[in-house]
Amino acid sequence: MTLVQTQTRPMSARPGHGTPTDTRDVAGPRVWGDMTVEVALSVMAAARTGRLVVCDEDGQRVGLVTRAQLNAVCDGLGYTDRIRLRDVTDGNGLLALFR
């Protein structure tokens, strides 16, 4: 079982228009790269969000995955239920990294 860490804040603490750093903080629930795509989609559904922050084994943010990316992976010909988030790429061999 993969652990999921979520962070909640009062609505007043969420910036309406923020810097890229602020956007990172409210991007979505934090999950780890070894989570499967199917579990990640379930986490998104439960959290009612369209994206997840992917962290490495040290808890450092390494990327962001969206529901659209994960659905595209599921629709791919090579999809299996063993594909992990760390295997999801943006076409350049990287997770959709924060920019």
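Here is a short report on the structure shown in this document. On a predicted model such as this, the values are computed, not experimentally measured, just so you know.

## A word on the overall build of the protein
1) Next: Across its full length, the protein holds three helices and three strands.
2) Next: Ordered by position from the N terminus, the helices and strands of the protein form the series α-β-α-β-β-α.
3) Next: Burial status across the protein gives 28% buried among its 99 residues.
4) Next: Across the protein, the fraction of contacts at a sequence separation of at least 24, relative to all contacts at a separation of at least 6, is 52%.
5) Next: Surface accessibility of the protein: about 6,600 Å² in total, with carbon and sulfur atoms responsible for 50%.

## Observations concerning the pairing of strand S3 (residues 61-66)
1) Next: Bridge analysis of strand S2 (residues 51-55) against S3 gives five bridges, and the strand direction is antiparallel. If you follow Arg51 over to S3, its bridge partner there is Thr66.

Here is what the cut-offs are and how they apply
Residues numbered from 1 in each chain as written. Predicted model: local features only at pLDDT ≥ 70, side-chain atom pairs only at ≥ 80, totals over all residues. Heavy atoms only, no water. Helix = DSSP H or I, 4+ residues; strand = E, 2+ residues; numbered from the N terminus. Buried < 20%, exposed > 50% of the residue type's maximum accessible area, 1.4 Å probe, protein only. Contact = heavy atoms within 4.5 Å. Areas by Shrake-Rupley, 256 points an atom, 1.4 Å probe, with all protein chains shown as cover. Pairing = 2+ DSSP bridges.

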